[in-house]
Every structure is written in structure tokens, then in C-alpha cells.
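Fold and geometry: a report
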Amino acid sequence: MNRILPLDPTQATGKTRQLFDAVQAMLGSVPNLFRVLGVAPAALDGYLAFNGALASGTFNVRVREQIALTVAESNMCGYCLSIHTCIGNKVGLTAGDIADARRAYDKADKINAILKLARKIVVERGEVSDAALEVARAAGLTDADIIETVANVAINVFTNYVNHVARTAVDLPDVKPGDLAASI
């Protein structure tokens, strides 16, 4: 049960209504996460702007979804695992790709390094070691890739924490943290 009640899109007005319309156009619905963020329009607007900026970065949508899955699993966020599993399926990630991303793994060395770094950033609260950065660089990550990884981790930590605080009701097929067998 939600601890912060999601805003009903039919009751939204002004800027919030415009933002909900943009989410509806993008996703085909206004999932509960966005409805919770809509309670604070500046938070929803900021999230959508940051997400849009990252979409114009160098990481394609598949890599961004893999990072989201790695971060959600690391933070044990069932809502984000659920939504990013759905989005991952829509952008061509297989069930195996999704399970691998939750484990911070990909068969491509560079993407694997991105996911490993993302998990380290979460687990180590950003205090990654010099050795971790050397491993990332040895796998082909540039400084720009490292910063873009941090940015993608940050936006996903934001939504993970919103969902933890709000206890956002899952309005998608429910994916449980730690239940990797169910994602295969």
C-alpha cells in the first residue's frame, strides 16, 4: 500500500497535467511511479528532464535499461525491477539479458564493465576505488562513459528511493528483488 498517494492523472492540472500527458505519450499510460512523482511537479519535471538528457547521451536505451536493472536489483527496488523489466522487453532485451543485467553482467566487455561499475557505485555509495576505475578503463570505458554511468545510476537511485519511501504499488507484472529465477 502506498504511503504517498499517487495523483490521479484525470485530476491533474497545469504543469502536472502537461507532464502526465508527456508520460502517457511516451509509455502509453501513467504508471504509479510517475503519479507519485506528480505529487511534487518539480520532482516529476526534473526526473523527465534528466531522463531526456540521458537519452541524448552515448548510452543507447538498451544499456540504460540494463543499468536501471542493475541498480534496482542492487537497491532491492521491486517497482523499478518491474517497470524496467517491461521496458527492457520492449527495447529488445531478452529474459536472459534482463537476468544478466540484474546480476550486473553482459557478455560484451564494455557493457559488462559499465554494469559492474554501476553496481559498485551503488554498493560503495560512490566511493569506488582506483582499482575499480582501472578495471573499467581497461575494459574500454572513457572518462565520459564513467560520468554517464554515474548519471544513470543517480537517476535510478532517485526512483528507487522514491519507491522505497512511497511504497509505490506495483501496477505492472511484479518482479521481486532477488528472485532471479522468475526473470528467466
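Residues numbered from 1 in each chain as written. Predicted model: local features only at pLDDT ≥ 70, side-chain atom pairs only at ≥ 80, totals over all residues. Heavy atoms only, no water.

1. Here we look at the packing of aromatic side chains
Rules: Note on aromatic contacts: the rings of Phe and Tyr and the six-membered ring of Trp form a pair at centre separations within 6.5 Å, being stacked when their planes are under 30 degrees apart, edge-to-face when over 60 apart, and tilted otherwise. Put simply, DSSP marks the helices as runs of H or I at least four residues long and the strands as runs of E at least two long, and each gets a number from the N terminus on.
Considering all chains together, one arrives at two aromatic pairs under this definition. Centroid distance Phe 34 to Tyr 47: 5.8 Å. Interplanar angle 65°. Geometry classified as edge-to-face. Placement of Phe 34 in helix α2 (residues 32–37) and of Tyr 47 in helix α3 (residues 41–55) is noted, with a sequence separation of 13 residues between them. Three or more aromatic residues link up through ring pairs in this structure, and these residues are Phe 34, Tyr 47 and Phe 158.

2. Regarding the side chain of Thr 16
Spelled out, the test is: To sort residues, take the accessible area from a 1.4 Å probe on protein chains only and compare it with the maximum for the residue type: under 20% means buried, over 50% means exposed, and anything in between is partly exposed. Throughout, a residue-residue contact means that at least one pair of heavy atoms, one from each residue, lies within 4.5 Å.
Relative to the helices and strands, Thr 16 resides in helix α1 (residues 14–27). Given the relative accessible area of 7%, Thr 16 is considered buried. In this structure Thr 16 touches Leu 7, Gly 38 and Pro 41, once residues within four positions along its chain are discounted.

3. Quick word on the nonpolar core
The cut-off we apply is this: Residue types Ala, Val, Leu, Ile, Met, Phe, Trp, Tyr and Cys, when buried and joined through side-chain atoms within 4.5 Å, form a set referred to as a nonpolar core.
Grouped together as the largest cluster of nonpolar side chains are 29 residues, with contacts concentrated most on Phe 34, Leu 37, Leu 44, Tyr 47, Leu 48 and Leu 69. Looking at this core, the elements that each hand over two or more residues are α1, α2, α3, α4 (61–74), α5 (78–90), α6 (95–102) and α9 (143–166). If sequence neighbours within four positions are ignored, Leu 69 has contacts with Leu 81, His 84, Thr 85, Leu 93, Ile 98, Ala 101 and Arg 102. With 18 residues, the next largest nonpolar core counts Val 71, Ala 113, Ala 118 and Val 153 among its residues.

4. Details of the pattern of salt bridges
Formally: Salt bridges are identified by distance alone: a Lys or Arg side-chain nitrogen within 4 Å of an Asp or Glu carboxyl oxygen.
Across all of its chains, the model carries nine salt bridges by this definition. With a shortest N-O distance of 3.1 Å, Lys 110 and Asp 145 are connected by a salt bridge. Pair noted here: Lys 110 is in helix α7 (residues 109–123) and Asp 145 is in helix α9, with a separation of 35 residues, a long-range link. Residue Lys 110 is classed as partly exposed on the basis of its relative accessible area, which comes to 36%. The exposure class of Asp 145 is buried, given its relative accessible area of 6%. One salt bridge in this structure joins Glu 124 and Lys 120, with 3.5 Å as the shortest N-O distance. Glu 124 sits in the partly exposed class, given a relative accessible area of 29%.

5. Here we look at a nonpolar patch on the surface
Condition: Each patch is built from salt-bridge-free residues with over 30% relative accessible area, joining like charges within 9 Å and nonpolar side chains (Val, Leu, Ile, Met, Phe, Trp, Tyr) within 5 Å. Reported accessibility uses the Shrake-Rupley method at a 1.4 Å probe radius. Residues are deemed covered only where the shown protein chains occlude them.
Judged by side-chain polarity, Ile 4, Val 39 and Val 165 come together as a nonpolar surface patch covering roughly 230 Å² of accessible area. For Val 165, the position within the fold is in helix α9.

6. Quick word on α4
Heads up, the condition is: Each helix should span, by expectation, one fewer than its residue count multiplied by 1.5 Å. Identification of polar contacts relies on pairs of N or O atoms within 3.5 Å, with a donor-acceptor requirement for protein atoms, meaning one able to donate a hydrogen and the other able to accept it, and with residues adjacent in sequence counted only if both atoms are side-chain atoms.
Between its terminal C-alpha atoms α4 stretches 20 Å, which fits the 20 Å expected from 14 residues at 1.5 Å a residue. Turning to α4, its buried residues are Val 63, Arg 64, Glu 65, Gln 66, Ile 67, Ala 68, Leu 69, Thr 70, Val 71, Ala 72 and Glu 73. Contact partners of the buried residues in α4: α3, α5, α6, α7 and α9. Two or three places before Arg 62, at the start of α4, stands the capping residue Asn 60, its side-chain oxygen 3.0 Å from that residue's backbone nitrogen. The first or second residue beyond α4 is Met 76, which carries a positive phi of 55°.

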